[in-house]
Amino acid sequence: MTQDELKQAVAKAAIQYVIDGEIIGVGTGSTANFFIDELAKIKDRIKGTVASSEATAARLRGHGMTVYDLNEVSEIAVYIDGADEITPAGAMIKGGGAALTREKIVASVSRQFICIADGSKLVDVMGRFPLPVEVLPMARNAVMRQLTALGGQPRLRLKAGSDQAFITDNGGEILDVAGLHITDPAALETGINQIVGVIANGLFARRGADVCLLGTSEGVRTLTFA
């Protein structure tokens with residue numbers, strides 16, 4: 001199976017976690033896009049959605065689904081999103097699509113977090129995928145120095161085909177931090193968040209996944225985390 005076929009398989013499997021009559025949180029990225037297309041087939045069964053990015057909101061609306069501002073809802077039944085890396089304990093690196101801050105906010109108010117990913121994303125120790133850190137533009141260099149002191153190799157994310165900084169939906173910039181060997185993701189998540197100028201980082205360990213649907217050549221594998 002191709003990587004896209006694996007992503008489509010987990011997107012279809014995630015539909016079983018959609019709760020009728022509820023608001024569904026929807027993530028950002030290629031795997032989440034497959035889920036949006038599947039969700040559109042049962043859109044009459046749900047109350048609406050909350051999107052983790054402007055791109056996701058546009059895709060949901062394009063399918064005729066209602067998109068609520070998070071301030072309009074008090075709780076989300078389930079949040080479904082992909083991951084760039086996930087451990088057997090359910091901790092993740094997210095943010096390859098630059099929506100890590102809003103993804104983290106939506107996940108924080110969701111009763112259940114379902115991660116959908118292809119099998120290549122499952123790792124014993126995270127860090128092969130550079131850790132995204134969203135920062136205030138004026139703090140970029142100051143934060144880079146502190147991330148370097150932690151053993152990382154931060155690099156400013158640029159717009160595709162440009163030498164200009166990529167700007168997030170929140171007006172922040174993204175530092176992609178290579179060279180980390182993340183053995184205690186919860187502690188590192190907290191430590192980076194305490195650096196002045198950091199908006200959020202892409203470690204989802206304090207609030208990790210509850211379930212991961214992993215696409216493999218043998219079918220969809222379900223991992224459940226305590």
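Up top you'll find the structure we're talking about.
Residues numbered from 1 in each chain as written. Predicted model: local features only at pLDDT ≥ 70, side-chain atom pairs only at ≥ 80, totals over all residues. Heavy atoms only, no water.

(A) Seen up close, the overall build of the protein. Looking only at helices and strands, the protein has six helices and 13 strands in total. For the protein, the C-alpha radius of gyration of 17 Å lies close to 17 Å, the compact-globule estimate for 226 residues. Counting the 226 residues in the protein, one finds 52% classified as buried. Restricting the contact set of the protein to residue pairs at least 6 apart, pairs at least 24 apart contribute 71%. Within the structure as shown, the protein displays about 10,300 Å² of accessible surface, and the carbon and sulfur contribution to it stands at 49%. (Helix = DSSP H or I, 4+ residues; strand = E, 2+ residues; numbered from the N terminus. Rg over C-alpha atoms; globule rule 2.2 N^0.38 Å. Buried < 20%, exposed > 50% of the residue type's maximum accessible area, 1.4 Å probe, protein only. Contact = heavy atoms within 4.5 Å. Areas by Shrake-Rupley, 256 points an atom, 1.4 Å probe, with all protein chains shown as cover.)

(B) Structural detail: the sheet that holds strand β1 (residues 23–26). Taken together, the six strands give an open sheet; going across it, the order is β2-β1-β3-β6-β12-β13, and neighbouring strands pair in mixed fashion. Two strands close off the open sheet at either side, each with one partner strand: β2 (48–51) and β13 (219–224). Strand-to-strand twist across the sheet, computed as the mean angle between neighbouring axes with direction ignored, equals 20 degrees. Pairing geometry for β1 and β2, over four bridges, is parallel. Bridge pairing links I24 to T49 in β2. Seen against the sheet, helix α2 (residues 30–39) touches β1, β2, β3 (76–81) and β6 (110–118) and runs at an angle of roughly 155 degrees to β1. (Pairing = 2+ DSSP bridges. Axes fitted to C-alpha atoms, helices over the stretch in contact; angles between N-to-C directions.)

(C) Expanded view of the pattern of salt bridges. On inspection of all chains with the given rule, the structure shows 13 salt bridges. Linking D118 and K121 is a salt bridge whose minimum nitrogen-to-oxygen distance equals 2.7 Å. Both residues of the pair, D118 and K121, count as buried. The network of salt bridges with shared partners includes E22, E75 and R111. (Salt bridge = Lys/Arg side-chain N within 4 Å of Asp/Glu carboxyl O.)

(D) The sheet that holds strand β11 (residues 203–204), seen in detail. Pairing is antiparallel in the open sheet, where three strands are placed in the order β4-β5-β11. The open sheet is flanked by β4 (85–86) and β11, the only strands paired with a single partner. As judged from the two bridges shared by strand β5 (residues 92–93) and β11, these two strands associate in the antiparallel manner. Its bridge partner being in β11, M92 is matched across the sheet by F204.

(E) Layout of the nonpolar core. In terms of nonpolar packing, the biggest core is built from 26 residues, with V18, F35, L39 and L213 touching the most fellow members. For this core, the elements supplying multiple residues, two or more each, are α1 (3–14), β1, α2, α3 (54–62), β3, β6 and β12 (211–216). In terms of residue count, α1 provides more of this core than any other element does, four residues in total. What L39 contacts, discounting residues up to four positions off in sequence, is I15, V18, V26, I46, T49, L60 and M65. Counting residues in hydrophobic clusters, the runner-up holds 20 residues, among them V143, L175, I182 and L203. (Core = buried A, V, L, I, M, F, W, Y, C linked by side-chain atoms within 4.5 Å.)

(F) Quick look at the packing of α1 against α2. It is at 8 Å that the axes of α1 and α2 come closest, and there the two elements cross at 50 degrees. The orientation of α1 with respect to α2, classified from their angle, is oblique. Considering how the two elements wind past one another, α1 and α2 form a crossing that is right-handed. On α2, the residues that touch D4, K7, Q8, V10, A11, K12 and A14 of α1 are S30, T31, F34, F35 and E38. A class-by-class count of the residues in the contact of α1 with α2 yields five nonpolar, three polar and four charged. (Parallel < 35°, antiparallel > 145°, perpendicular 65-115°, else oblique. Left-handed = near helix turned anticlockwise from the far one by under 90°. Nonpolar A, V, L, I, M, F, W, Y, C, P; charged D, E, K, R; others polar.)

Shape descriptors only; they carry no functional weight alone.
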